[in-house]
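Now for the letters of each chain:
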Amino acid sequence: MNQTLKKPVSIQKVILRLLLYFVVLDVCIITLYPYFAMFTTALKSRVEIFSSNGTILPVTALWSNFIEIWSRAPMGRYMLNSFLIAGGSTIIAMLCGIPAAYALARMKFKGQTAFLGFVIVSQMFAPVVLLIGIYQVMQALGLTDSIVGLIFINAAFNQAFTIWLLRGTFMGISAEMEQAATIDGCNRLQSMLKVLLPVAAPGIVTTLIFIFINAWNEYTVALCLISTDTLKPLTVGINTFNGYNMIEWQYLFAASIFAVIPVVILFMCIEKNLVSGLASGGVKG
Amino acid sequence: MKKALALLLALVMALALVACGGGNNAGKNNNQGGSATPPPQTDEPDKNDEPAPSGDKIDINVIAAEYGQNTKQWWADFQNEFNAANENINLVVEVVSWNDIYTVVNTRLGGNAAPDILNIDVFADYQADGLLLPAQDYVSEETYAKLYPAFLDQSVVDGTVWAIPDLASARAMYYNVDILEAAGVEVPTTWDELKAACEAIKAYDSSIYPWGIDMTTDEGQAAFAYYVWNNGGDFTDADGNWTLNSDANVEAIEYAIGLVNDGYTNSDPANETRYNLQDLFGAGKLAMVIGPNSIPTYIADNYAKANTPEAEQINFAFTSIPTNGGNPSVSAGVMDRFMCFDNGHSDEKIEAIKTFFDFFYDDARYSEWVLMEGFLPATSAGGEIVAKEDPSMAPWVDIVGSCKFYPTAKAEWADVKQGVIDVEQQALLGGDVRELLDSLQSRIAG
Amino acid sequence: MNKKILRRAEPYLWIAPSVILMAIFIVTPILKVFQMAGNKVSRTGQLRGFNNFENFATVLKNPTFGLVLKNTIVWTIAVVVLSTVLGFVLALILNNKFRGRKIARAIVVFPWATTLVIQASAWNFIINTDYGTLNTLLMKLGILSAPMNWTPTPEAYFAWEIACGIFVTVPFVTFCVLSGLQSIDTTYYEAATVDGANYWQKLFKITLPLVKSSLTVSTVLNIIYVFNSFPIIWTMTKGDPANHTDTLVTYLYKLAFYNGRQGEAAAVSVIGFIILLICASTYMIYTLRKGDDEL
């Protein structure tokens, strides 16, 4: 039966394939266009950026712009700080979020709905609104001007996402295997770690990426909490190029491109695991 | 079984705590490894009654505005020199960009964590809440005597000076000599001439914007000042009462809006900031614009960076701002300040702060500070040095002496500033200037 | 007895770290907002005692508030709806196996991996009338002969801001949905194919119900995030001209940090919170009830 159908399908398939590539290509072009604009701008001199005969590509590429930002600001330091903040937040958010999501998905308890509601409600104020309160909490804990403070804030602001997404993922996975594991003598924690989490890998990886990116991009809280230059994350640090009398577009964009690269690399590394984690889950399922 | 589980759970939580602890140490290490200077002490607000020295040293923390590319490095060097010269003092300067400084300062104040010294443009709000010390308490007599009295007057509330000027900038009209010549117009000195010049330039080349206007949230109050002051109007009368809806003011804003509506200006004055304008002017797309004294330096830097041949550079000059009705031309001055927060300082600390200002206003160091980003000095000695070292600054040193300033000493200034910007933008959208200014006046003056 | 208590307490132990984290770092600051909303607050943030909800009265009496609220609703609905639809479609496309899929997925992450402040600056730079790269590009391609003013009216500018908002939100939705799609067992589709189901039937009968939970999560959170989104509008227009592109968050930011009216700013955020609470709880009660049935 499959073979009789094969011929007409394949023509349709070719068209669909072409259409698919066409759409994907368009999406990629549109998505990359701002980066293309940023990149070419970063290579131009200010005179050329604002010149009345605009150019698409720089007449003379000033690669020095990309080098100069490293001497104009401690970019390496900023980047390291961003990594510490984003990495730390991801770890804390997961350590707190996974057990909560697990409890919500696998146990029944009083206040379950209330807790879910609380998690959502906690997100309903923009960090901009909470700045003064956050600063006071940090003062009380002695965490102003510290990366640790930012790690906790980012972890807290990502709890809602972590818990809700993971709860959904866990609920989508049948509890039978864990029950079997429990019969084999595993306790709950073991069965969660050994049975549930590997199967839930795609959801967990997605959540990880989300938290990491959110924390990597956080700006307002870091701005108000960190006063020492060498503790600033990249987002706040590159503000140096935003002066009183001028905005240094070429430096701002050059620095921003550096800021995107690590996230994309990280994503590409993790995406591989996402697929393999999925495959192993599929086999077991 | 359950016990084991509880134990394990406790372990997970302990792990989380360890992770936090680890992070904590990492943070501290960064602090120490990051710079040669010790990390800033975030003074606990309530304990500020006693001096909070780290070791035997007196801590002074400063929040300073970032004027440009060189500010941060300048303050870092200053901090090192100062701390080396004063062994009993530990100075920490935090440089914050202009975009964010209000957010940072208000957050700190909300947390009762005021810096000892703040470098910013406004001071009236802090003074009104009783947060500031009188300037003469923390500035030595010699240093105080150096400051231009006219500048000090800008920071007087109830007969007391609450802040001292760190630098100033003045505004003038810049024009593109070649465009004006090609269009066959003289440099305008009155509003009628300005309008005629705009018309001629537009007729000469419709792709050039004759006149630049910035009515954005960024600095729309400056536009208000340029037109109102040069039409004989003002924010307040001689007694300091708000006169926002005076006839002269209404006429001035109507004139400015008229220029926009006639198509003589940049396309979107409500969203195009002074940065856009100076870049348009530098690219030869804008014929005339009112701008700060830093524009020549800015344009020269751009050309130097791009190795632009002389032939492709714009040929520009500056002159006084056009006026109306025979009023004398008024240059708008912008002045920033140092102020000292009343954190319950000990006598020793006050002495340390005096040392700080003596160090800062040291003539050589001070003129270096001013020249660094192309600003104008607020001390007479500084003025002489600057005029000598950079001849292009000399006319500006004179201009700044005769500038008019915003009424920043008045408590309502923040509302007035946002209010006039809102009036301008409403007028751009077609609102009636008189009605808008009337309602602003009644809102401000009660 | 001990065991019983332990069993009862067990779920609470599991959620405890999360609760503690949020209580300290989010709930305490929220309480501060409520406190400020109810107090007279001086320009530098000093509390001056309860003022009988005057902050709320002042805010609600100001005609600007209505405009800003309308903008916020338009902004939230436009960004959430359009980016959910686009993100969902994009996820379906990227879920196909094709050459270069990995690269395509990585590219789609770009807008999201960029700080919003920078993203918005770049967009502002692209659409600028005088030196924007879009005009340059279109002119070089011969599509335009003279520079085009892309933002002639406040509404046009707002539309660009919405476009930018969609641009950065789509990746979020796409990856939420993709993670849902990838956990779908392929045997479902195989079975359906054998039964002769066409593409659309499979989409609506299998795919949609199965990714519903991740789509629900992304939508609820998106509503909240977009409603409270600050950097895009702040960077592009600061709400200019005359509040025509302000949303509640940029409006209250100006109130707090430019006008020194922190009490009123806190009142605006409490009002925004109440609006969100009503919307989200309606939505949640509806979906949760359904979710419990599925349990």
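Residue positions are counted from 1 within each chain, in the order its sequence is given. Each chain gets a letter, beginning with A, and each ligand a number, beginning with 1, in the order they are written. Local features in this predicted model are restricted to residues of pLDDT 70 or higher, and side-chain atom pairs are both shown and tallied only at a pLDDT of 80 or more, whereas totals for entire chains, interfaces and linings draw on every residue. Derived side-chain values reflect all non-hydrogen atoms in the structure, with water molecules and hydrogen atoms excluded from consideration.

### Looking at the interface of chain B and chain A
- The contact rule is simple, with two residues in contact once any of their heavy atoms fall within 4.5 Å. Contacts between chain B and chain A engage 54 residues on the former and 50 residues on the latter.
- When two parts are brought into contact, each loses some accessible area as probed by a 1.4 Å sphere; the total of that loss over both is the buried area. Summed over both partners, the interface of chain B with chain A buries about 4,700 Å², with 58% contributed by carbon and sulfur atoms.
- Here, a salt bridge means any Lys or Arg side-chain nitrogen found within 4 Å of an Asp or Glu carboxyl oxygen. One can count two salt bridges joining chain B with chain A.
- Between lysine 305 of chain B and glutamate 68 of chain A there is a salt bridge whose closest N-O contact spans 3.3 Å.
- Any N or O atom pair separated by 3.5 Å or less is treated as a polar contact, with the protein-specific requirement of one donor-capable and one acceptor-capable atom, and with residues adjacent in sequence counted only for side-chain atom pairs. Where chain B touches chain A, the interface holds ten residue pairs in polar contact (both at pLDDT 80 or more).
- The way it works is that DSSP assigns letters per residue, a run of H or I at least four long becomes a helix, a run of E at least two long becomes a strand, and they are numbered from the N terminus. Among the secondary structure elements, those contributing two or more residues to the side of chain B that touches chain A are helix H1 (2-34), strand E2 (89-97), helix H3 (101-110), helix H12 (274-282) and helix H13 (295-306) of chain B.

### As for the pairing of strand E3 (residues 117-120) of chain B
Residue and element names in this part refer to chain B.
- For every residue, the accessible area (1.4 Å probe, protein chains only) is compared with the maximum for its type, and the residue is labelled buried under 20%, exposed over 50%, or partly exposed between those bounds. Burial along E3 is two-sided: Ile117 and Asn119 and Leu118 and Ile120, pointing in opposite directions, are all buried.
- By definition, two strands form a pair when at least two bridges between them are found by DSSP. As defined by bridge partners, strand E1 (residues 58-66) adjoins E3 across two bridges and the pair is classed as parallel. Bridge pairing in E3 places isoleucine 63 opposite leucine 118.

### Focus: the interface of chain C and chain A
- Listed as interface residues are 83 residues of chain C and, on the opposing side, 94 residues of chain A.
- Summed over the shared surface of chain C and chain A, the number is one salt bridge.
- In this structure, the salt-bridge partner of glutamate 10 of chain C is arginine 188 of chain A, at a minimum N-O distance of 3.3 Å.
- The biggest single contributor to the side of chain C that touches chain A is helix H1 (residues 2-38) of chain C, with 21 residues.
- When residue character is reported, Ala, Val, Leu, Ile, Met, Phe, Trp, Tyr, Cys and Pro are called nonpolar, Asp, Glu, Lys and Arg charged, and the others, Gly included, polar. Among the residues making up the side of chain C that touches chain A, the classes are represented as 60 nonpolar, 16 polar and seven charged.

### Some words on the side chain of aspartate 268 of chain B
- Within the secondary structure layout, aspartate 268 of chain B lies in the loop between helix H11 (247-261) and H12.
- This count recognises Lys and Arg as positive and Asp and Glu as negative, with His and chain-terminal groups excluded. Despite its burial, aspartate 268 of chain B pairs with no opposite charge, the nearest such side chain being lysine 254 of chain C at 13 Å.
- Beyond its immediate sequence surroundings of up to four residues, aspartate 268 of chain B is in contact with Thr151 and Tyr157 of chain C.

Limitation: the analysis is restricted to geometry and does not speak to function.
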